[in-house]
Amino acid sequence: MSREGERNMAALRVFAAVLAVAGLTGVSTAQGKDPVSEKAAVYMTYQSDADEVGDKPFKSPSDIDAALETLGAYNADQLTRGWISYSALVASQDPDFRANVRDIEAFYGRDRVIGSFASGGGYARSLKGGDDAVGTAIAVTDEDLARLYSNAAIVKEQGYSLQGYGWAKSRIRNGGQRADAVKLLQGKGQSADNLILAALVTPAGAVPLSETNAAGVTTAVVAASDVATAVKLPTFLTGGFTGGKKKVKFGKEPVANQIASVAALRILGADAVEDAKLSRVMLEPSVQSCMKMQNLQLQGCVAGVGQEFEVPHCISQHALSEIADCLGAVYK
């Protein structure tokens, strides 16, 4: 193996360790399949990409195009499923909720309980610990959204500052083509970062944790340059999460119900659910609709702007801050 490959493997092991300590690594199954983690990896990659775009100055039209192609490629379906799944990973760590999901399974039988959870109704959330589990997951989202809004502000400010550069004031004559390119990218969707995906789906227990603890592993991850340059970890995994819970906004109970349902399925092993059913319970309609509107708004914005320095505004507004608004609407 090359030296670079060895560094990447070392980074992956450290990253997998911090995920295992947080309880987010994949559930060990006969098939080795963890569909909830696989979907969550896409949302985590979106957060990482948002940080990278916010960190990199725009020095040419190609830099702006790269940011647009990166963040503009995430479509409504995958972001909705990714966020619901990521929230479910957090919710599934609540000890009371986990215990009661297991108790219900023992009482009624695995197949019957999984079928009830897969319906996506309020049953899972009604269990003891269900509300608290979802409340913690939404609190994690609140901390994550602060980063999205911060990156959106940075990107927008760059657009204003670029007005002093000749290349940034050049007229855009292919706005329609760029919008079509964004639409095509959205149709394909964005892939999860391989490092995040590999670490998330590592079966629990595959990483030795006997001499580690959450604080120690988190410190190791933050200090590991290979990891730091490869991915930007969510606040929940870097010690920045301050804890607490958020209440679901009135009228948004269906979102909370689906987070709890996916969390319960993840506890029992979501690989036991038919792909079509699992896909439906991950795709909450109100969040999906809000995200779809931002996909369309981004296309329209890119098609309508006249100068290069205006494109960062499109990215900031419709690929960052208003995506955050869609998620924040669940509790604000």
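Everything in this summary refers to the structure shown in the same document.

Calculation notes
- Residues numbered from 1 in each chain as written.
- Predicted model: local features only at pLDDT ≥ 70, side-chain atom pairs only at ≥ 80, totals over all residues.
- Heavy atoms only, no water.
- Helix = DSSP H or I, 4+ residues; strand = E, 2+ residues; numbered from the N terminus.
- Buried < 20%, exposed > 50% of the residue type's maximum accessible area, 1.4 Å probe, protein only.
- Contact = heavy atoms within 4.5 Å.
- Areas by Shrake-Rupley, 256 points an atom, 1.4 Å probe, with all protein chains shown as cover.
- Expected span 1.5 Å × (residues − 1).
- Arc of directions from axis to C-beta.
- Phe/Tyr/Trp six-rings, centres within 6.5 Å; stacked < 30°, edge-to-face > 60°.
- Core = buried A, V, L, I, M, F, W, Y, C linked by side-chain atoms within 4.5 Å.
- Salt bridge = Lys/Arg side-chain N within 4 Å of Asp/Glu carboxyl O.
- Disulfide = S-S within 2.5 Å.

1. A short note on the overall build of the protein chain
- Helix and strand content of the protein chain: 16 helices and zero strands.
- When burial is assessed residue by residue, the protein chain has 52% of its 332 residues classed as buried.
- If you take every contact in the protein chain between residues at least 6 apart in sequence, the share linking residues at least 24 apart comes to 87%.
- Carbon and sulfur atoms form 51% of the exposed surface of the protein chain, whose accessible area is close to 14600 Å².

2. Concerning helix α15 (residues 285-304)
- Taking 1.5 Å as the rise per residue, α15 with 20 residues should run 28 Å; its terminal C-alpha atoms sit 28 Å apart, in good agreement.
- Among the residues making up α15, those that are buried are V287, Q288, M291, Q294, N295, L298, Q299, C301 and V302. Around the axis of α15, the buried residues are gathered within 165° of arc, so they sit on the same side. More than 90 degrees from the buried face of α15, the exposed residues found are L296 and G304.
- Here the buried face of α15 lies against α3 (61-71), α4 (76-91), α9 (175-188), α13 (253-268) and α16 (311-328).

3. With respect to the packing of aromatic side chains
- Considering all chains together, one arrives at four aromatic pairs under this definition.
- Between Y46 and Y74, the ring centres sit 5.2 Å apart and the planes meet at 75°, which makes this aromatic pair edge-to-face. One end of the pair, Y46, is in helix α2 (residues 35-55); the other, Y74, is in the loop between α3 and α4, with 28 residues separating them in the sequence. Take Y46 and Y74: they sit in the same class, and that class is buried.

4. Re the nonpolar core
- Core analysis: the biggest nonpolar cluster contains 83 residues, and Y46, W83, F97, F117, L265 and I315 have the highest contact counts within it.
- Sorting elements by how many residues they give to this core places α13 first, with ten residues.
- In this structure, F117 is in contact with V101, Y123, A124, L127, S261, A264, L265, L268 and V281, ignoring residues within four places of it in sequence.

5. Looking at the pattern of salt bridges
- Applying the stated criterion to the full structure yields nine salt bridges.
- For E105, the salt bridge identified is with R110, shortest N-O distance 3.3 Å.
- Taking relative accessible area as the criterion, E105 reaches 17% and is therefore assigned buried.
- Given the relative accessible area of 32%, R110 is considered partly exposed.
- For the salt bridge of R178 with E308, the shortest nitrogen-to-oxygen distance reads 3.1 Å. In this pair, R178 sits in helix α9 while E308 sits in the loop between α15 and α16, placing the two residues 130 residues apart along the sequence. Residue R178 shares its accessibility class with E308, and that shared class is buried.
- Put simply, D65, R178 and E308 are held in one network by salt bridges that share partners.

6. Brief notes about the state of the cysteines
- For the coordinates displayed, the defined rule picks out two disulfides.
- Between the sulfur atoms of C290 and its disulfide partner C326 the distance amounts to 2.0 Å. Between C290 and C326, the disulfide has an S-S torsion of -80° and is therefore left-handed. With C290 in helix α15 and C326 in helix α16, the pair connects residues that are 36 residues apart, well separated along the chain.
- On the basis of relative accessibility, which here comes to 3%, the residue C326 falls in the buried class.
- A disulfide bridge connects C301 with C314, and the sulfur atoms are separated by 2.0 Å. On the sign convention where negative is left-handed, the bridge of C301 and C314, at about -75° about the S-S bond, is left-handed. Highlighted residues: C301 in helix α15 and C314 in helix α16, separated in sequence by 13 residues. Both residues of the pair, C301 and C314, count as buried.
- By sequence-ordered numbering of the bonded cysteines, the protein chain has its disulfides arranged as 1-4, 2-3.

7. Things to note about helix α6 (residues 110-118)
- Of the residues making up α6, those classed as buried are V113, I114, F117 and A118. Axial view of α6: buried residues confined to an arc of 135°, hence all on one face. Facing away from the buried side of α6 by over 90 degrees, the exposed positions are D111 and R112.
- On its buried face, α6 sits against α5 (95-108), α7 (123-126), α13 and α14 (275-282).

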